[in-house]
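Letter by letter, the chains look like this.
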Amino acid sequence: MFELVNPTDIHLALTVFEKDLDKLYIGQKLNAYTNHHSGKIYRCEIILISQDLSADRSLEVHCHFEDYDKTLIPGMFMNADIQIKTNDAFVLPEDAVVTFENKQYVFVEKATGNFEMTEVTTGNSEKGFIEILSLQKGATQKIVIKGAYTLLMAFKNKSDA
C-alpha cells in the first residue's frame, strides 16, 4: 500500500517489507499507478529509505514524482512496480513445485513415464514463477511443469498402500 503526502511537493510514501530492503537504493526508478486508473503510469524515483522498522517488519520509502499531477491528492492509495537489478535464475512455474511434509519438491523424469520426487530449495517467486536454487544450472533434466500435485497424490497413495 502507498500513501501520497504533501500536496505542494508531492511525494509517494510506500511501504516495503524488510525482506525486500536489499533490492532498493536511492535513485532507483519505479512506476506508480492508482487503483482506479491502472493504465496511467506515474514515473518516480526513490529519494529516501527509512531506517525504522515497524512492528510488521516494514519500512517507508519516499519517492519523488518526475511530473507533478494535480489529480493526485494526499491520502490516496497507489500501487508501484519497482525496477530492480536482474539476475539470471533457473525458474519453474509455481505449479511445478509441490510441498510435502514442510519440504518442497519437483518431479524429475528418470525414464519415460517414470518420475522421481526431488527435494529443491526455492528462492524468489513472481508472476507465477518460482526460482529454484538447488538444481544444477544447465542440467538437461526433464521436470514436470503441469500436474505435479497429481503426481504427489499418486506417490503418496502408493507409499501408503
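These numbers come from a predicted model, not from an experiment.

In this description, a pair of aromatic rings is defined by centroid distance and the angle of the planes. Applying the stated criterion across every chain yields a total of one aromatic pair. Look at Tyr42 and Phe65: their rings are 6.0 Å apart centre to centre, the planes differ by 90°, and that puts the pair in the edge-to-face class. Taken together, the positions of Tyr42 in strand β4 (residues 42-49) and Phe65 in strand β5 (residues 58-65) put the pair 23 residues apart, joining distant regions of the chain. For Tyr42, a relative accessible area of 8% gives the class buried. Overall, Phe65 belongs to the buried group, its relative accessible area being 3%.

For the rest of this paragraph, the subject is the layout of surface pockets. Taken as a whole, the largest pocket holds about 1200 Å³ of empty space. Surrounding the largest pocket, 30 residues form its lining, Lys23, Ile84, Asn124, Ser125 and Glu126 being those nearest its centre. Mapped onto the lining of the largest pocket, the elements with two or more residues apiece are β2 (11-17), β6 (78-82), β11 (122-126) and β12 (129-132). Of the residues that constitute the lining of the largest pocket, the class distribution is 14 nonpolar, six polar and 10 charged.

Core analysis: the biggest nonpolar cluster contains 18 residues, and Leu12, Leu30, Ala32, Val61, Cys63 and Phe65 have the highest contact counts within it. Among the elements of the structure, β2, β3 (29-34), β4, β5 and β6 are those that each provide at least two residues to this core. For Ala32, the residues in contact, after removing those within four places along its chain, are Leu12, Lys40, Ile41, Tyr42, Cys44, Met78, Asn79 and Ala80.

Moving on: the side chain of Thr122. With respect to the element layout, Thr122 can be found in strand β11. Residue classification places Thr122 among the buried residues on the basis of a relative accessible area of 19%. With sequence-adjacent residues up to four places away left out, Thr122 is seen in contact with Val97, Gln104, Ile130, Glu131, Ile132 and Leu133.

Cut-off values and rules
- Residues numbered from 1 in each chain as written.
- Predicted model: local features only at pLDDT ≥ 70, side-chain atom pairs only at ≥ 80, totals over all residues.
- Heavy atoms only, no water.
- Phe/Tyr/Trp six-rings, centres within 6.5 Å; stacked < 30°, edge-to-face > 60°.
- Helix = DSSP H or I, 4+ residues; strand = E, 2+ residues; numbered from the N terminus.
- Buried < 20%, exposed > 50% of the residue type's maximum accessible area, 1.4 Å probe, protein only.
- 1 Å grid on protein atoms, 1.4 Å probe; cavity = no way out; pocket = protein on both sides within 12 Å on 5 of 7 lines; lining within 4 Å.
- Points joined across faces, edges and corners; volume = space filled by probe spheres on them.
- Nonpolar A, V, L, I, M, F, W, Y, C, P; charged D, E, K, R; others polar.
- Core = buried A, V, L, I, M, F, W, Y, C linked by side-chain atoms within 4.5 Å.
- Contact = heavy atoms within 4.5 Å.

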